[in-house]
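For reference, the chains in residue letters:
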Amino acid sequence: MPAEPDGDVLRGFVRGDEGAFERLFRQFERDVFGWILRIVRERAAAEDVLVETFWRVYRGRARFDPNRSFGAWIRRIATNAALDHLRTWKPTREWQTADDGLPAARGSDRDTNDTIARAFRRLPPDLQIVAALALLEEQPYAEIADALGIPEGTVKSRVFRATRALREELVRLGIRP
Amino acid sequence: MNDINDEDWVRRLLQSALPPLNSVTPSRDLWPDVVRRSQRPARWTSVDSSLAAVVLLALLLFPKWFWFLAYHL
């Protein structure tokens, strides 16, 4: 995350000053977008979630304490918005299998990658988010815990559950260790 | 296979199928979208409707609650 914003900017933002809000947007947009993209993994969806995040930030400005970290606050809001997106995400045609009861064909690397991606997308949102951040992006557990507002031990147990669920699903789809 | 090996195997597979997304930026300036979103009037949701119905019903059944609700709203 970028350096913490100037105190005057934060106080202006809390008062509802649009100029201050735009300065915060310009300062944090890129990092927040990168964080959201790591979770939702689709550019167009990440753009929608970014707009939703800054809308929630604006709506909740009166609750923000300017003495606390704006970066940590917005990351938590972004994580929750991304999680909400995962909860409502519907598989597009490319994610659907012809027959869920049959293992996917493994004719090429692309097929294998599609199968792995499909197994990942089938994880429940609370597991998918930790799998994306911990396994794919290798973010520290403490950072993930802070962004999700849960204890580090809960992150560890969700990574364990996500790993187990993915392993079972991959084996079911014909990919074995 | 133990848990650590499982995690390594799953991690390697995921990273090969879904490569890290570094240095990707939004395709356009999203500030105008944020402004439009923040100026849009709040939507009346089904939760809002249910709450309004409950309050109305409570006031019809117990008119004396009006002052209690007026104090808290």
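One structure accompanies this document, and this report is about it.

1. Description of unusual backbone geometry
All names here are of chain A. Its identity is not glycine, yet R41 carries a phi of approximately 60°, on the positive side. Locating R41 in the fold gives a position in the loop between α2 (18-40) and α3 (43-59). What makes R41 buried here is its relative accessible area of 12%. Phi at E138 is positive, roughly 55°, even though this residue is not glycine. Relative to the assigned elements, E138 resides in the loop between α6 (125-136) and α7 (141-148).

2. Structural notes on the interface of chain B and chain A
The interface of chain B with chain A comprises 30 residues on the first partner and 37 residues on the second. Overall, the association of chain B and chain A removes approximately 3400 Å² of surface from exposure, summing both partners, and the carbon and sulfur fraction of that is 67%. Contact with chain A buries surface across chain B, with W9(B), L21(B) and W31(B) losing the most and accounting together for 20% of the total. R11(B) serves as the salt-bridge partner of E138(A), at 4.0 Å between the closest nitrogen and oxygen. Counting across the interface, chain B meets chain A through 11 residue pairs in polar contact (both at pLDDT 80 or more). The element contributing the most residues to the side of chain B that touches chain A is helix α1 (residues 3-17) of chain B, with 11 residues.

So, how was this worked out
- Residues numbered from 1 in each chain as written.
- Chains lettered and ligands numbered in written order.
- Predicted model: local features only at pLDDT ≥ 70, side-chain atom pairs only at ≥ 80, totals over all residues.
- Heavy atoms only, no water.
- Helix = DSSP H or I, 4+ residues; strand = E, 2+ residues; numbered from the N terminus.
- Buried < 20%, exposed > 50% of the residue type's maximum accessible area, 1.4 Å probe, protein only.
- Contact = heavy atoms within 4.5 Å.
- Buried area = accessible area lost by both parts, 1.4 Å probe.
- Salt bridge = Lys/Arg side-chain N within 4 Å of Asp/Glu carboxyl O.
- Polar contact = N/O pair within 3.5 Å; in protein donor to acceptor, adjacent residues only side chain to side chain.

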